[in-house]
Amino acid sequence: LGLVRCIDVLLVSHYVDHYHGHASTWWHTDHCDTGIVSLMREAGKGIILPAGNENYFEKHEHTIFSGDDQLISLPGMKVTSYAGPPVYQDNPSETPLRVYKVVTGEGNTIFFTGDFDYIAKSSVPHQRDLDILFLRCGGVSPLYDDQNPYDLGDDEDAFRLGTREFKTKYVIAGHLGELSHPPGGGRESYAAAFKIFTKFAETLNLNQLILFWGEKYHCEI
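Residues numbered from 1 in each chain as written. Predicted model: local features only at pLDDT ≥ 70, side-chain atom pairs only at ≥ 80, totals over all residues. Heavy atoms only, no water.

Enquirer: Give a detailed account of the sheet that holds strand 2 (residues 46-50), specifying residues and quantitative values.
Expert: In sheet architecture, strand pairing relies on hydrogen bonds along the backbone and comes in two forms, parallel and antiparallel. Read across the sheet, 3 strands follow the order 1-2-3 without closing on themselves; strand pairing throughout is parallel. Edge positions in the open sheet fall to strand 1 (9-11) and strand 3 (63-66), since each of these has one partner strand only. Strand-to-strand, the axes of this sheet are offset by a mean angle of 20°, without reference to chain direction. In this sheet, strand 2 lies alongside strand 1 in parallel orientation, the contact comprising 3 bridges. (Pairing = 2+ DSSP bridges. Helix = DSSP H or I, 4+ residues; strand = E, 2+ residues; numbered from the N terminus. Axes fitted to C-alpha atoms, helices over the stretch in contact; angles between N-to-C directions.)

Enquirer: How would you explain the pattern of salt bridges if you had to name every residue and give the values?
Expert: Under the defined criterion, the tally for this structure stands at 3 salt bridges. We note a salt bridge from D115 to R136, for which the minimum N-O separation is 2.5 Å. Here D115 is found in the loop between strand 7 (109-112) and strand 8 (130-136), whereas its partner R136 is found in strand 8, with 21 residues between them in sequence. The salt bridge partner of K195 is E156, with a shortest N-O separation of 3.5 Å. Linking K195 in helix 4 (residues 190-199) with E156 in helix 3 (residues 155-165), this pair joins segments that are 39 residues apart in sequence. For K195, a relative accessible area of 54% translates into the label exposed. (Salt bridge = Lys/Arg side-chain N within 4 Å of Asp/Glu carboxyl O. Buried < 20%, exposed > 50% of the residue type's maximum accessible area, 1.4 Å probe, protein only.)

Enquirer: I'd like to hear about the pairing of strand 4 (residues 70-74), residue by residue, with values.
Expert: The side chains of a regular strand alternate, first on one face of the sheet and then on the other. As defined by bridge partners, strand 4 adjoins strand 5 (residues 77-83) across 5 bridges and the pair is classed as antiparallel. Within strand 5, the residue paired with L71 across the bridge is T80. A loop of 2 residues connects strand 4 with strand 5, the two strands running antiparallel in sequence, and G76 in this loop sits at a positive phi of about 80°.

Enquirer: Requested: an account of the packing of helix 3 against helix 4, with residues and values cited.
Expert: For any two helices packed against each other, the geometry is given by the interaxial angle and the distance between the axes. Running from N to C, helix 3 and helix 4 point in directions that differ by 60°, and their axes come no closer than 10 Å. By the criterion of interaxial angle, the relationship of helix 3 to helix 4 is oblique. In this structure, helix 3 crosses over helix 4, and the sense of that crossing is right-handed. Along the contact surface, helix 3 presents D155, E156, D157 and F159, while helix 4 presents K195, I196, F197 and K199. Across the contact of helix 3 with helix 4, the residue classes break down as 3 nonpolar, no polar and 5 charged. (Parallel < 35°, antiparallel > 145°, perpendicular 65-115°, else oblique. Left-handed = near helix turned anticlockwise from the far one by under 90°. Contact = heavy atoms within 4.5 Å. Nonpolar A, V, L, I, M, F, W, Y, C, P; charged D, E, K, R; others polar.)

Enquirer: Go over the sheet that holds strand 6 (residues 98-104) with me, naming the residues and quoting the values.
Expert: Pairing is mixed in the open sheet, where 7 strands are placed in the order 4-5-6-7-8-9-10. In this open sheet, the two edge strands, each paired with only one partner strand, are strand 4 and strand 10 (207-209). Pairwise comparison of adjacent strand axes, ignoring direction, gives a mean angle of 20° for this sheet. In this structure, strand 7 lies alongside strand 8, joined through 3 bridges in parallel fashion. Counted as the bridge partner of F112 is F134 from strand 8.

Pasting the structure below:
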């Protein structure tokens, strides 16, 4: 309940994997807590889920199932959802995934990438006027693994490419705080994020933030 009180709207990046070649344990329930969804509904707060998950949630007046390039107006903000390919999946249709652009009532623009493979070609338009960008920090694509056979680069190179494609004033290292995955087993470590940020501290002309659970930062936008 304490967490729900702090949330104005819940943006769910993905939930169920529909690809039948994967076991049932492939469900991405770590990105969607059904308990919090229920509490948000009881509190009368907005919830946005990717379209394709309608069969897993009862219809509710405060729940929206979002498509690709869909504009959603909510109290105090406008949200645009985009469909993008998940990391480490060749077929973008395997998992219904959304990234979200939020424009606040004050006109600030926030972009959440979640598990989006921002290295791959996709229908997600490059954003050039962001104030805050949540960008997955490492583990984006097998083409940018340290041991990849194509020698396209590593996690640092992938992150740098992401900051070139999505222009922002602040970048926040994403995908670090998932409690259900160990570092290197589905999420990246804080040490890896510090390594990436340290490498680009002087060359990236933007504010770089690594936040832990419960931390907050007042951005001067």
